[in-house]
Structure formats: C-alpha cells, structure tokens
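Each chain is listed here by its residues.
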Amino acid sequence: MEFTKKFLRAKSPCADGFRWFSRHVEDGTGYQEALDTLVNAGRVEDACWLLGQFGPTNAVLEVDALEAEAIVFAGTVEVRGSIDVATVIQAGRSIRAGGGLRAGSSIVAGEDIRVAGSIISQGTLQAGGDVRADWGVEVQGDITCLGDLRAAWDVVCHGKLSLKGGAFVGQDLIVDGLVECGKGLRVGGHLTGADSLRAGQGIVVGGAITGVAHLEAGWGIKAGECIHTQGAIKAGESLCAGEDIRAGHGYGVYAGLNVQQETWDSSAQVWSPQRPEGLRSGLWLGASPLNP
C-alpha cells in the first residue's frame, strides 16, 4: 500500500495531522514507512490513528530483542527475547515475545498477545484475540480482550477488566474496576475486587472471593474459602464455598436463578458451613463434602 495526500484526505484526518503529513511524507511512501516516519517524529498518536484507519498487513517484524521509545507496526511483531517500550507498542496483528513485554503507556494488538514472561503496562492492555503470559500480568489501566486471558501467575488490573472469552489465572486475580467476563472465570488463588463482577458462565476460585461489589455468574460459583461481597450474590445454578457466604448488608444471596425451582435439589444447591444470611433462592445443604 502506498500513500498519497488524496488517499489520506479521504479518511478525514485532523487539519494539523494532515498538514504535517503533507510536509513530511512524500506521495507514494509505503504504509509501514509512513508509520515509522510518524513514530520517529514523536507523532505516535497519529501513527496509531493511521493504523486504525487502514488496518493490518501480513508483514512480520522478527528481531532478537526490542527496546524503543514507541513501536507501531502494521503486521505481527515477533521477538525472540523481551520487548521494552517507553510508551506505546501497537501491532496490527499479533505480538509475541520469548521473554517479557513491558510498555510505559499502552499495549495494543489486533489479534493475540503471547509472551513467555510477564506483561506489564503502565497504561492499558488491549487485544483483538487471546492474551497469554507464562508468568503474570500487571496493568495500571483497563484490560480489554476479545478472546481468553491466561496467566500462570497473578493478574493485577487497576482499571476495568473486560473479556469476551474466559479467564484462567494460576494464582491471584486482583481488579480495582468492573469485571465483565463473557465466559468462565477460573482462579487458582484468591479473587479480590472493588467493583462488580459478572461472568457469563461459571466462577471457580481456589481461595477466597472478597471485596467485590455485586457478584454474578450465569452458571455456578465455587470458592475454596469464603465468598464475601459488598452487594448481592447471584448464581444461575449452584453456590459452594469452603467457608461462609456473605452478601453486603441488606442484599440477598441467590442460587438457581437460571433454572426451574423444581430442579433446585440438583441444580441450585448451596453448600457452606453455615446457612447464608439473606438466602433468597436455592437449597442450602450444609458444608460441602469436598470442603469438610
């Protein structure tokens, strides 16, 4: 793809960006060359806008290690070692690293992100496919993922966590913002929140669920330790906790919301050592035999 002023004008760029582009990028310049020119001039936002307008390519950037102020690449970024950028890394397709991935502002991939180390962003993390880290994930802003999120260690998100797919976290999941998970949520350690959490399918947590405002799952909810929320607890099917289940003051605990009442004995079981205060639906059966 080659750029001309007429070609760019059709995308209705801002006046300042179009003037700069006209002065510094010659007609006939290649797509990636134009992106590099913008990034090298410190116009990273313009480069990201251009990539968003014209989309990805099948080009592949292959290097041993990558350290830069910013990277905007229209294709796939494949690094045998680690990636360290001071501000933004954005790829039209995938980002893959044999080590870790760190960015000072944001990490964006049109498709998957896969690293053998940790993912650290001082801003946001966004992927059009899956995100997978063989170590942990720590993001100061929002995480937006149109696939699954998988991490062997902790996932720490100081903003909103929005997943089209499911989440599979080996250790703890800590989220300060709203959590919206399209499929299931599985956490090996503790789940700690500060806002509401909703999963379209089931929630399974090895430790405790605490701090969450409202907690909701389309299927069942199971925790190895306690389930404590600031608001309501709603499960489409069964509820199970190794310790007590406690909703916020004045809120209820609901099991079996997505099944008929006649099937509560099998599909809306509530297992906990003590009957949850404010249990509004479901059949409490005492302590789970799996959590004596």
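Preceding block: the structure.
Calculation criteria
Residues numbered from 1 in each chain as written. Predicted model: local features only at pLDDT ≥ 70, side-chain atom pairs only at ≥ 80, totals over all residues. Heavy atoms only, no water. Pairing = 2+ DSSP bridges. Helix = DSSP H or I, 4+ residues; strand = E, 2+ residues; numbered from the N terminus. Buried < 20%, exposed > 50% of the residue type's maximum accessible area, 1.4 Å probe, protein only. Arc of directions from axis to C-beta.

## Observations concerning the sheet that holds strand β34 (residues 245-246)
The strands making up a sheet associate through hydrogen bonds between their backbones, and the pairing can be parallel or antiparallel. Taken in spatial order, the eleven strands line up as β4-β7-β10-β13-β16-β19-β22-β25-β28-β31-β34 in an open sheet, and their pairing is parallel. Looking at which strands have only one partner, the edges of the open sheet turn out to be β4 (66-68) and β34.

## Side note on helix α3 (residues 31-40)
Those residues of α3 lying buried are Tyr31, Ala34, Leu35, Leu38 and Val39. Within α3, the buried residues cover an arc of 135° as seen down the axis, which keeps them to one side. Two residues or fewer after α3 comes glycine 42, characterised by a positive phi angle close to 80°.

## Observations concerning the pairing of strand β14 (residues 124-127)
What you see with β14 is a clean split: Leu125 and Ala127 sit on the buried side and Thr124 and Gln126 on the side with no burial. As defined by bridge partners, strand β11 (residues 106-109) adjoins β14 across four bridges and the pair is classed as parallel. What sits directly across from alanine 109, in β14, is alanine 127. Sheet analysis places β14 next to strand β17 (residues 143-145), joined by three bridges and oriented parallel. Residue leucine 125 lies in a different strand from β17, and its bridge partner there is isoleucine 143.

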